[in-house]
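Each chain is listed here by its residues.
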Protein chains: 2
Amino acid sequence: MNIKAEISKRTEEINDILEHYLPKEEGYPKTVLEAMNYSIHAGGKRIRPMLMKETYELFGGSEDVVHPFMAAMEMIHTYSLVHDDLPAMDNDMLRRGKPTTHAVYGEAMGILCGDALLNYAYETATLAFDKTDDAEVLAHIIPKALRILSVKAGIYGMVGGQVADVEAEKMGLSLDEDKLRYIIDNKTGALIESSMMIGAILAGASCDTLQKIETIANNVGVAFQIQDDILDVIGDEAVLGKPIGSDERNEKPTYVVLHGLEASKEKVKSLTEEAVDILKGFEGDTSFLEEFLMYLVYREK
Amino acid sequence: MNIKAEISKRTEEINDILEHYLPKEEGYPKTVLEAMNYSIHAGGKRIRPMLMKETYELFGGSEDVVHPFMAAMEMIHTYSLVHDDLPAMDNDMLRRGKPTTHAVYGEAMGILCGDALLNYAYETATLAFDKTDDAEVLAHIIPKALRILSVKAGIYGMVGGQVADVEAEKMGLSLDEDKLRYIIDNKTGALIESSMMIGAILAGASCDTLQKIETIANNVGVAFQIQDDILDVIGDEAVLGKPIGSDERNEKPTYVVLHGLEASKEKVKSLTEEAVDILKGFEGDTSFLEEFLMYLVYREK
């Protein structure tokens, strides 16, 4: 399989779906609508909607009901980046080589753009109810997906991880293992988990399957983050497009800083192998998802 | 009717309901959980959940399914205040005589607290699905309420109004009538509208009734805002707890600044009379809602 070509084909499909759900840039709030679209178009890899769609299809899903959730997930991911980049947070003026949203539209509009994206994610997700006449899907399956979407994005998921991360920066290397794992699980892992779980839920997967999917996604999220920290040590600056060694310089507590490079590589390997093993246990064609997970983890940038 | 006593009784009931849905202050994101509860406890009048509950009961609703929506509405209202007070927005250190959330917890936590409240509003609203076994309510009524909740809070509602308001401040008195009305309709009116509309929807009100409720709520929202601007001219500083005349000094375009005091008082009167007239047309006991609407509009602070 040419995984890059397969990913690229799917990214195009996802971008078409996203485009359909983005707001028209018209009327009085035009500035924020432009800022929303700017931030979504700023070049994300669409990892989360791709995981959602692939998991949905793995368990036999073939309806459009997943589309609003894919768009909602990318909006939530994007709002979190827009707010993370704000001056009071990470104060980043560039992301993926482009000016950040507040750098272009100002700080007030950066705040409102993030708020608008988060809220619009839920507006968009509720459109799933218009995609089906199936009573079970309407009354139980979409509500369950909405519940996972919101819980994993909030204080018991991504926002919880962000809060702990903001506080951890003050603690430097005195951060304990438990809290570091909490941050990775939630700041990075929560949306990966909910993406795959929502795919499975919408396809009608059983509770048992859903738990396996949560484990796979958690492993991938954690491995993804540790690999990020590994690249900060051994990455190629030209490929990464940013200087390496910043975590150590900033005394940022990462898995690599706390456990060393070899143990970190070992951890990424065992987490990924376990995820792929569970995945292989499902009926159906898991070949793309397997390669995609490996590609996500063992990336060079 | 002793309207103040009746409001006070209902406020206590609503605070009990809210309390049930607020997060426990434990675990790693403790700081943001404290900030969320601090901002909710900072003394709101609970106007929106009260309007929702009263409208729900007017149309025969008597179940708990409205409770998660009441809590969600107050969380959305509160997040909008927390973000409005941020340094990059209105930069307010005090609200209702108490330090604002970012003044207590810092700017980063102020941003995250608003995000957390907005997201938690949707987490909370989805709990409505657990409150009923009625297939019609599950499959159609709660989804419709979720749709209104999210649309009126976002770019086609409150956030749209906030964006236009931020931009209007730069325009000063050159602001046109259309845009001023858009701001009032959305920044102030949208959540009043969705509060009453969600109450009506959950009680199974017809489309025709829902349109009447939207008109009532829009009139009340606009009258409420114009009265706010009137009080900025003729209010009693001791009662208001803030200096008057700030809108004129800041060249803030308000209905009063654009149309004068007499025309503004006339407008408040006609909007309120129309709202009460429509309300009287419904079967059922509208006496509290009538007096409550008048109380909201003709307040002295």
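Residues numbered from 1 in each chain as written. Chains lettered and ligands numbered in written order. Predicted model: local features only at pLDDT ≥ 70, side-chain atom pairs only at ≥ 80, totals over all residues. Heavy atoms only, no water.

Caption draft 1: Representation of the relation of the copies chain A and chain B in the model. Between chain A and chain B, which share one sequence, the superposing operator has a rotation angle of 180° and an axial displacement of 0.0 Å; the RMSD is 0.0 Å. Expressed as an axis order, the relation between the two copies is that of a two-fold axis. Ranked by how close their C-alpha atoms come to the rotation axis, the residues of chain A are headed by A:Ala139, at 2.1 Å. Interface residue correspondence from chain A to chain B reaches 100%, placing this contact among same-surface, isologous pairings. (Least-squares fit on C-alpha atoms with pLDDT ≥ 70 in both. Contact = heavy atoms within 4.5 Å.)

Caption draft 2: Layout of the side chain of B:Arg48. Residues and elements named next belong to chain B. Within the secondary structure, Arg-48 sits in helix α3 (residues 47-58). Although Arg-48 is buried, it makes no salt bridge; Glu-74 carries the closest opposite charge, 5.2 Å away. Setting aside residues up to four positions removed in sequence, Arg-48 forms contacts with Met-73, His-77, Leu-191 and Ser-195. (Helix = DSSP H or I, 4+ residues; strand = E, 2+ residues; numbered from the N terminus. Buried < 20%, exposed > 50% of the residue type's maximum accessible area, 1.4 Å probe, protein only. Lys, Arg positive; Asp, Glu negative; His and termini not counted. Salt bridge = Lys/Arg side-chain N within 4 Å of Asp/Glu carboxyl O.)

Caption draft 3: Focus on unusual backbone geometry. Residue and element names in this part refer to chain B. Here Asn-91, not a glycine, exhibits a phi torsion of approximately 55°, which is positive. Even without a glycine there, the phi angle at Arg-96 is positive, about 50°. Secondary-structure assignment places Arg-96 in the loop between β1 (94-95) and β2 (98-99).

Caption draft 4: Expanded view of a positive patch on the surface. A cluster of basic residues, A:Lys4, A:Lys45, A:Arg96, A:Lys98 and A:Lys301, forms a positive patch on the protein surface. Within the fold, A:Lys98 resides in strand β2 (residues 98-99). (Patch = residues over 30% accessible without salt bridge, like charges linked within 9 Å, V, L, I, M, F, W, Y side chains within 5 Å. Areas by Shrake-Rupley, 256 points an atom, 1.4 Å probe, with all protein chains shown as cover. Charge placed at Lys NZ, Arg CZ, Asp CG, Glu CD.)

Caption draft 5: Examining helix α15 (residues 287-297) of chain B more closely. Taken together, the buried positions of α15(B) are occupied by B:Phe288, B:Leu289, B:Glu290, B:Phe292, B:Leu293, B:Leu296 and B:Val297. Packed against the buried residues of α15(B) are α1 (3-21), α3, α9 (177-202), α10 (207-234) and α14 (261-280) of chain B.

Caption draft 6: Structural context of the side chain of B:Asp115. Looking at the element boundaries, B:Asp115 is found in helix α6 (residues 107-126). Although B:Asp115 lies buried, it forms no salt bridge, and the closest oppositely charged side chain, A:Lys187, sits 11 Å away as judged by the N-O distance. A polar contact of 2.8 Å, which involves the side chain of B:Asp115, links it to the side chain of A:His83. For B:Asp115, the contacting residues outside a window of four places in its chain are A:Tyr79, A:His83, A:Asp115, A:Leu118 and B:His83. (Polar contact = N/O pair within 3.5 Å; in protein donor to acceptor, adjacent residues only side chain to side chain.)

Caption draft 7: The interface of chain A and chain B, seen in detail. Listed as interface residues are 51 residues of chain A and, on the opposing side, 51 residues of chain B. Of the roughly 4400 Å² buried where chain A meets chain B, counting both sides, 71% is carbon and sulfur surface. For the interface between chain A and chain B, the tally reads zero salt bridges. Counting every contact that joins chain A to chain B gives 14 residue pairs in polar contact (both at pLDDT 80 or more). Listing elements by their share of the side of chain A that touches chain B, those giving two or more residues are α2 (30-41), α4 (66-84), α6 (107-126), α7 (135-153), α8 (158-171) and α9 (177-202) of chain A. In the side of chain A that touches chain B, the residues fall into 33 nonpolar, nine polar and nine charged. (Buried area = accessible area lost by both parts, 1.4 Å probe. Nonpolar A, V, L, I, M, F, W, Y, C, P; charged D, E, K, R; others polar.)

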